[in-house]
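Overview (structure and organization)
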Amino acid sequence: MRIARLLGTVLGTTLLTTTAVLTVPAQADTGVAARDGVTLDRPALRDSLDAVHEAGMYGVFSSVRDGREWWTGASGQADVATGRPVTPDMRQRVGSISKTFTAVGIMQQVERGRVRLDAPVGDYLPDLIPGERGREITVRMLLNHTSGIGDYVLSAFPSLAKGSADSLEAERFRSVRPAELVRTGLAAPATGRPGAVPGSYSNTNYVIAGLLLEKVTGQNADAYLTRQVIDRAGLRHTYLPRTPYIKGPHPRMYESWFGLLDPARDFSVYDMSWASTAGSVVSTTDDLNRFYRSLLGGKLVGKASLDEMTRTVPVSGVDYGLGIYSLELRGCGRFWGHDGAVFGAGTIALSSRDGKRQMALAQNLMKYQELDENGRPKPHPIDDAIAAYVVRALCPDTPASGIDHSRLTKSFRFDQLSH
């Protein structure tokens, strides 16, 4: 089965995807230049964002910062049935970007002496991960995906391996406990020996990290992350949902699943307990920029913790640290952040190491690509349009021809399953 072969290759890695066809012009808040010498080319950003929509994305919205200057824009439709336009301030499920939030919570406990990065996870959760695995897998291995623990996602949505998207609808309102997700992940085939590189991206790692956070703090993980990460970063529109519904203005979130869902189905109402502390955060593009600016600026954890977080190993094609990865844009520099995907929604946020230059982008159509005869996604014009926009936003002085868009697209893994 082509879908099953595809999942065997891409399951468990992060992604972000897009697609749609409409012709609504971009809407943008021009922002305010807070210093002399404007460095943000707002018309070019607007045109580049429009190009993503014109390539087929239903709706796309973004926030870009350069120091004190900022720009927000949106292009396309939040609801294809009514024509309601997408706006820059909309909330979005940000998927695996949640992992950075969870990693920050763990690093705060490292700073308090409650957690040791290189201690066996079995020291903290002996009943959850007993025996040899609990002794060999360290906290660091969870956070940088070198634990060798498999992903639970395919087992959570079993029809996907059979070439059917029925599980996506069947599980829409199912509530699942984190420990159940972990047991499923532990039962999956190991992806390698603990500590071996390259690592293999697994959402199970970050569900375990959330349970570890609860164990050492004595608090519910969502409550802790809200008070000690979200509130401390000054995020006004970011939260971990308690119901299947998103609070505040948001787009509908359309999933195509490589053509199995035609027309694409709206999954904006969904119980996100299946993602837990690996991928359930709701946020805005502006809040995501503020979050990474706060993190990289040392407001959430200290320098020693940041140094640990930005020590990378190869994981599923990217240089991955502790809940954050780096992306090198030739001739422009290195950027830090994460991307994420859930059914119908994709998001990416990247920042320069000093937090000066930032870009966050969200989209409301996923898995729009067709599959080739080997069950692999074919390149799509949307992929190139997103890559071009990212270059425009982060590297205004670098000619588009100076960036290898195909490599950039592969770094974002626009065609893969994850959250």
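Residues numbered from 1 in each chain as written. Predicted model: local features only at pLDDT ≥ 70, side-chain atom pairs only at ≥ 80, totals over all residues. Heavy atoms only, no water.

A separate point is the state of the cysteines. Inspection of every chain in the model, using the stated rule, returns one disulfide. Across the disulfide, Cys332 is cross-linked to Cys395 (sulfur-sulfur distance 2.1 Å). Across the disulfide from Cys332 to Cys395, rotation about the S-S bond amounts to roughly -100°, and the bridge is consequently left-handed. Residue Cys332 is located in the loop between strand E11 (325-329) and strand E12 (333-342), and its partner Cys395 is located in the loop between helix H14 (381-394) and helix H15 (405-412); the two are separated by 63 residues in the primary sequence. (Disulfide = S-S within 2.5 Å. Helix = DSSP H or I, 4+ residues; strand = E, 2+ residues; numbered from the N terminus.)

This part takes up the environment of Asp354. If you trace the backbone, Asp354 turns up in the loop between strand E13 (345-352) and strand E14 (357-363). Measuring from C-alpha to C-alpha, the distance between Asp354 and Trp336 comes to 9.8 Å, with 18 residues separating the pair along the chain. There is a polar contact of 2.6 Å between the side chain of Asp354 and the side chain of Ser352. Of the polar contacts made by the side chain of Asp354, one reaches the backbone nitrogen of Lys356; its length is 2.9 Å. (Polar contact = N/O pair within 3.5 Å; in protein donor to acceptor, adjacent residues only side chain to side chain.)

The final tally for this structure, using the stated rule, is 16 salt bridges. Salt bridges sharing partners connect three or more residues here, namely Asp118, Arg140, Glu308 and Arg311. (Salt bridge = Lys/Arg side-chain N within 4 Å of Asp/Glu carboxyl O.)

Across all of its chains, the model carries eleven aromatic pairs by this definition. Ring centres of Phe157 and Phe343 lie 5.0 Å apart, and the angle between their planes is 85°; on these two criteria the pair is classed as edge-to-face. Of this pair, Phe157 sits in the loop between helix H6 (153-156) and helix H7 (166-170) while Phe343 sits in the loop between E12 and E13, and the two are 186 residues apart along the sequence. Ring geometry for Tyr201 versus Tyr320: centroids 6.1 Å apart, planes at 80°, classification edge-to-face. Note that Tyr201 is positioned in the loop between helix H8 (178-187) and helix H9 (203-217) and Tyr320 in strand E10 (residues 318-320), a separation of 119 residues in sequence. In this structure Tyr320 comes out as buried when scored by relative accessible area, which is 1%. Feature note: the residues Phe157, Phe267, Tyr270, Trp274 and Phe343 constitute an aromatic cluster, connected by ring pairs. (Phe/Tyr/Trp six-rings, centres within 6.5 Å; stacked < 30°, edge-to-face > 60°. Buried < 20%, exposed > 50% of the residue type's maximum accessible area, 1.4 Å probe, protein only.)

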